[in-house]
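# Examination of the molecular architecture
What follows is the residue order along each chain.
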Amino acid sequence: MCSCKEKPTLIDISNNHSDFKSKLNQLDVGNWVLLMQCPDCKQFYKVDEWDKYQICYAVKIPSLENWEAFDSESLIKEQMVQNRGGLTNGSCMWSGCDIKQVKGSAYCVNHLYSGGTRA
């Protein structure tokens, strides 16, 4: 039996990329992402291709339709804030931005993300 129901919507698979993928069936290949499906419960996942320089995620997706365009940005940003312990009272140092800084950073989550940060 699978454990898909117990897994969160966004799963950090950076440390177990091959193991995570080995339990799923690959259905399609996109631009640095894979469409995979659990053979037991039929849950679909959008899985990042392995990249040793970047955090890799698997995201539960509801269907095959437009799977590659499924937007996981907000989930990743939420995880980034949680990973870093929340927000500060200070404003982002990006010129003209008044959004609160992420702890341990001088920038808000939007500017961290746009700069390539995923952790």
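Residues numbered from 1 in each chain as written. Predicted model: local features only at pLDDT ≥ 70, side-chain atom pairs only at ≥ 80, totals over all residues. Heavy atoms only, no water.

An unreviewed UniProt entry lists the chain under the name Metal-binding protein, with BD1-7 clade bacterium as the source organism.

### Regarding the sheet that holds strand 5 (residues 57-61)
Strand order in the open sheet formed by five strands is 1-5-4-3-2, with antiparallel pairing between adjacent strands. Edge strands, defined here as strands with exactly one partner in the open sheet, are strand 1 (10-12) and strand 2 (25-29). With direction set aside, neighbouring strand axes in the sheet form an average angle of 25°. Relative to the sheet, helix 2 (residues 73-83) contacts strand 1 and strand 5, its axis offset from that of strand 5 by approximately 130°. (Pairing = 2+ DSSP bridges. Helix = DSSP H or I, 4+ residues; strand = E, 2+ residues; numbered from the N terminus. Axes fitted to C-alpha atoms, helices over the stretch in contact; angles between N-to-C directions. Contact = heavy atoms within 4.5 Å.)

### Observations concerning a nonpolar patch on the surface
A contiguous nonpolar patch, built from Met93, Trp94 and Tyr107 and spanning about 350 Å² of accessible area, is present on the exposed surface. The residue Trp94 is located in the loop between strand 6 (87-91) and strand 7 (100-102) in this model. (Patch = residues over 30% accessible without salt bridge, like charges linked within 9 Å, V, L, I, M, F, W, Y side chains within 5 Å. Areas by Shrake-Rupley, 256 points an atom, 1.4 Å probe, with all protein chains shown as cover. Salt bridge = Lys/Arg side-chain N within 4 Å of Asp/Glu carboxyl O.)

### Quick look at the packing of aromatic side chains
Scanning the entire structure with this criterion turns up two aromatic pairs. With a centroid separation of 5.4 Å and an interplanar angle of 90°, the aromatic rings of Phe20 and Tyr45 are classed as edge-to-face. Note that Phe20 is positioned in helix 1 (residues 17-22) and Tyr45 in strand 4 (residues 44-48), a separation of 25 residues in sequence. Residues Phe20 and Tyr45 agree in their burial class; the two are buried. An angle of 70° between the planes, with centres 6.2 Å apart, marks the rings of Trp94 and Tyr107 as edge-to-face. Within this pair, whereas Trp94 is found in the loop between strand 6 and strand 7, its partner Tyr107 is found in the loop between strand 7 and helix 3 (109-114), the two being separated by 13 residues in sequence. Among the residues examined, Trp94 registers a relative accessible area of 45% and is labelled partly exposed. Sitting above the plane of the Tyr113 ring, Arg118 keeps its charged end 3.6 Å from the centroid. (Phe/Tyr/Trp six-rings, centres within 6.5 Å; stacked < 30°, edge-to-face > 60°. Buried < 20%, exposed > 50% of the residue type's maximum accessible area, 1.4 Å probe, protein only. Lys NZ or Arg CZ within 6 Å of the ring centre and 35° of its normal.)

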